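Examination of the molecular architecture
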Amino acid sequence: MKSSMQDVLVIGSGPVGSYTAKQLAKKGLKVTVLEKRPQLGGPVCCAGIISLNCARLLNVESLPVMNWYKNASLFSPSGYKLDMSRNETQAVTVNRGLLDKLMAEEAAQHGVDYKYNCKVNEVNIDNEGVKVRLQNSANSLKGKMAIVAAGCNPTLSQNLALGRVSDFAVGVQAVVETSNHENLEVYFGNKIAPGFFAWYQPLDANTSLAGLLTRKRTLHYFKEFLKILSKRNTLRLASKPLFRCVSLNVLPRSYDERLLILGDSAGQVKPLTGGGLYYGLRAARIAVDTTSKAVNNNDFSAASLADYQNRWHKEMLGSIRLSRFARSLFERYNDTKIDRAFLSIERAGLVNTLSDDPGLGFDDHGKVVSKVLKMPSFYRVLLQLLVP
Ligand SMILES: Cc1cc2nc3c(=O)[nH]c(=O)nc-3n(C[C@H](O)[C@H](O)[C@H](O)COP(=O)(O)OP(=O)(O)OC[C@H]3O[C@@H](n4cnc5c(N)ncnc54)[C@H](O)[C@@H]3O)c2cc1C
């Protein structure tokens, strides 16, 4: 591999990396994406559930949508059910493997150079530029700037001395064949997914995705979840379970001289659900702006790139912090409390109040938490939970 100077080296060809690469190339910058996978298009451990807003942000010519959702059913540990529904489609499921491939193809059409089988081990920065070292290769690649969009990747971000994302969960997911349910289903309980939730997500008449997030013993809980699902329907595992980590907190610093960190690598993730596409893409829009200004002004100083972090913090850090607070409360609930919360929420009509509010969308976790904290019915629920 020849070593030549690029404007920007993007590390990682997930949706956030490819989005950024394409937008920079459209602004006339020379961009290379380095990806450790040998090729794109294979299965990715991600439910791929995104809002319509997020779908628009992706800006892909033909989005690989597998299903549309207006409704979702939430199940408590003992089987109490809360139905959430709206008249309009709230979210879609995209085929994540295919999405990564399509986004890379579109970026390549705009001139982005993709290099596969290129695992970045080290990023070195000096006055001349950025030098990226690859695993199993004596060569390095050079750029004026590097953008790390390498997913939940504690090793890489720690090597960059920008601090570390201090909170993670592990996700697992597989395709299952089953007689179908219509709704997206979400299951809570400490025997299913302690501190988090499991999902069952119909894709077509016979197949669904089943998955969950936990902090530990992920495979054990996944097997238990499949047993619960198979009590209601015949169910056959149709793919190998895939595992992946999810960042639940932000990286203390997401920029340095000649360097920006984006997406899951920076912890731009909704802490309540582990969903990272919406925040990652919003931050990517800011990163594109900051990067193109840096290249045009030939100013790659940390002071000028700090603008990126200031802007994305302003847009989403408040919401991330509120959601982390809600997560810390939820993680303390045992199964009895979750059951009681379901009953109290139903009695207080909390779900209907939130569902009927047109101002609250699928992505507005911070807004939902702050709205809930202002609702008298929430305090009635809290009181009922506190009374033995
Ligand atoms: C089980 C599960 C379910 C999820 N469901 C949803 C959901 O429904 N909705 C949602 O919005 N989010 C969901 N997420 C989160 C979502 O998948 C991530 O937020 C999203 O993929 C982040 O995109 P990214 O581009 O930042 O990183 P990634 O998609 O992780 O992409 C990073 C890329 O970098 C490459 N890479 C990593 N290290 C290196 C290296 N050293 N050198 C070169 N390349 C490297 C990887 O191979 C990968 O291609 C889920 C996550 C999990 C685990």
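Residues numbered from 1 in each chain as written. Predicted model: local features only at pLDDT ≥ 70, side-chain atom pairs only at ≥ 80, totals over all residues. Heavy atoms only, no water.

Side note on the overall build of the chain
Counting its regular elements, the chain contains eleven helices and 19 strands. Rg of the C-alpha trace for the chain: 22 Å, near the compact-globule value of 21 Å for 388 residues, within the 12% margin. With the principal axes as the frame, the chain shows a C-alpha extent of 65 × 45 × 35 Å. By sequence separation, contacts in the chain at least 24 residues apart represent 72% of the contacts at least 6 residues apart. In the chain, the 50 positive side-chain charges and the 33 negative ones have mean positions that sit 4 Å from each other. (Helix = DSSP H or I, 4+ residues; strand = E, 2+ residues; numbered from the N terminus. Rg over C-alpha atoms; globule rule 2.2 N^0.38 Å. Contact = heavy atoms within 4.5 Å. Lys, Arg positive; Asp, Glu negative; His and termini not counted. Charge placed at Lys NZ, Arg CZ, Asp CG, Glu CD.)

What about the packing of helix H1 (residues 15-26) against helix H3 (residues 96-109)?
Running from N to C, H1 and H3 cross one another at 15°; their axes reach a closest spacing of 9 Å. The pairing of H1 with H3 is recorded here as roughly parallel in orientation. Relative to H3, the crossing made by H1 is left-handed. Contacts from Pro15, Ser18, Tyr19 and Lys22 in H1 reach Arg96, Leu99, Asp100, Met103, Ala104, Glu106 and Ala107 in H3. Its residues assigned to classes, the contact of H1 with H3 shows six nonpolar, one polar and four charged. (Axes fitted to C-alpha atoms, helices over the stretch in contact; angles between N-to-C directions. Parallel < 35°, antiparallel > 145°, perpendicular 65-115°, else oblique. Left-handed = near helix turned anticlockwise from the far one by under 90°. Nonpolar A, V, L, I, M, F, W, Y, C, P; charged D, E, K, R; others polar.)

Regarding helix H5 (residues 218-232)
For H5, built from 15 residues, the straight-helix expectation of 21 Å at 1.5 Å per residue is met to within 8% by its first-to-last C-alpha distance of 22 Å. By the burial criterion, the buried members of H5 are Thr218, Tyr221, Phe222, Phe225, Leu226 and Leu229. When H5 is viewed along its axis, its buried side chains cluster within an angular range of 145° and face the same direction. Among the exposed residues of H5, those pointing more than 90 degrees away from its buried face are Lys223 and Lys231. Looking at the buried residues of H5, the elements they touch are strand E12 (168-178), strand E13 (184-187), strand E14 (198-202), strand E15 (207-214), strand E16 (235-237) and strand E17 (242-247). (Expected span 1.5 Å × (residues − 1). Buried < 20%, exposed > 50% of the residue type's maximum accessible area, 1.4 Å probe, protein only. Arc of directions from axis to C-beta.)

Topic: the domain arrangement of the chain
Once the domains are mapped, the chain shows domain 1 (5-48 + 95-166 + 248-325), domain 2 (168-246) and domain 3 (333-386). Relative placement of domain 1 and domain 2: their C-alpha centres are 29 Å apart. At the junction of the two partners, domain 1 supplies 16 residues and domain 2 supplies 17 residues. With both chains or domains summed, domain 1 and domain 2 bury close to 1,300 Å², and 66% of this area falls on carbon and sulfur atoms. Here domain 1 is connected to domain 2 by zero salt bridges. Our count for the contact surface shared by domain 1 and domain 2 stands at four residue pairs in polar contact (both at pLDDT 80 or more). Residues belonging to the side of domain 1 that touches domain 2 are distributed by class as follows: eleven nonpolar, three polar and two charged. (Domains from an automatic or database assignment. Buried area = accessible area lost by both parts, 1.4 Å probe. Salt bridge = Lys/Arg side-chain N within 4 Å of Asp/Glu carboxyl O. Polar contact = N/O pair within 3.5 Å; in protein donor to acceptor, adjacent residues only side chain to side chain.)

Comments concerning the environment of Ala238
Within the fold, Ala238 resides in the loop between E16 and E17. Ala238 gets classed as partly exposed once you look at its relative accessible area, which sits at 35%. The sequence separation of Ala238 and Ser208 amounts to 30 residues, and the corresponding C-alpha distance is 9.5 Å. Residue contacts for Ala238: discarding those within four places in its chain leaves Val175, Val176 and Glu177.

Thoughts on the pattern of salt bridges
Taken as a whole and assessed by the stated rule, the structure comprises 20 salt bridges. Between Lys115 and Asp113 there is a salt bridge, and its shortest N-O distance comes to 3.0 Å. Assessed through its relative accessible area of 21%, Lys115 is described here as partly exposed. Residue Asp113 is classed as partly exposed on the basis of its relative accessible area of 32%. Across the salt bridge formed by Arg215 and Glu331, the nearest N and O atoms sit 2.7 Å from each other.

Focus on the sheet that holds strand E4 (residues 65-69)
The sheet built from three strands is open, its strands ordered E3-E7-E4 with antiparallel pairing. Only two strands of the sheet have a single partner each, and these edge strands are strand E3 (49-51) and E4. Here the strands of the sheet are splayed against their neighbours by 30° on average, with no regard to which way each runs. The sheet contact formed by E3 and strand E7 (residues 91-94) spans three bridges and is antiparallel. Bridging across to E7, Ser51 finds its partner in Ala91. (Pairing = 2+ DSSP bridges.)

Considering the side chain of Asp264
Following the sequence through the fold, Asp264 ends up in the loop between strand E19 (259-261) and helix H6 (277-297). Buried and without a salt bridge, Asp264 has Arg244 as its closest oppositely charged side chain, separated by 5.0 Å. Filtering out sequence-adjacent residues up to four positions away, Asp264 remains in contact with Gly151, Cys152, Cys245, Ser247, Val269 and Gly276.

Digging into the pairing of strand E9 (residues 120-125)
The pairing of E9 with strand E10 (residues 130-134) spans five bridges and is antiparallel. Of the residues in E10, the one forming a bridge with Val120 is Leu134. Hairpin connection, E9 to E10: the antiparallel pair is bridged by four residues.

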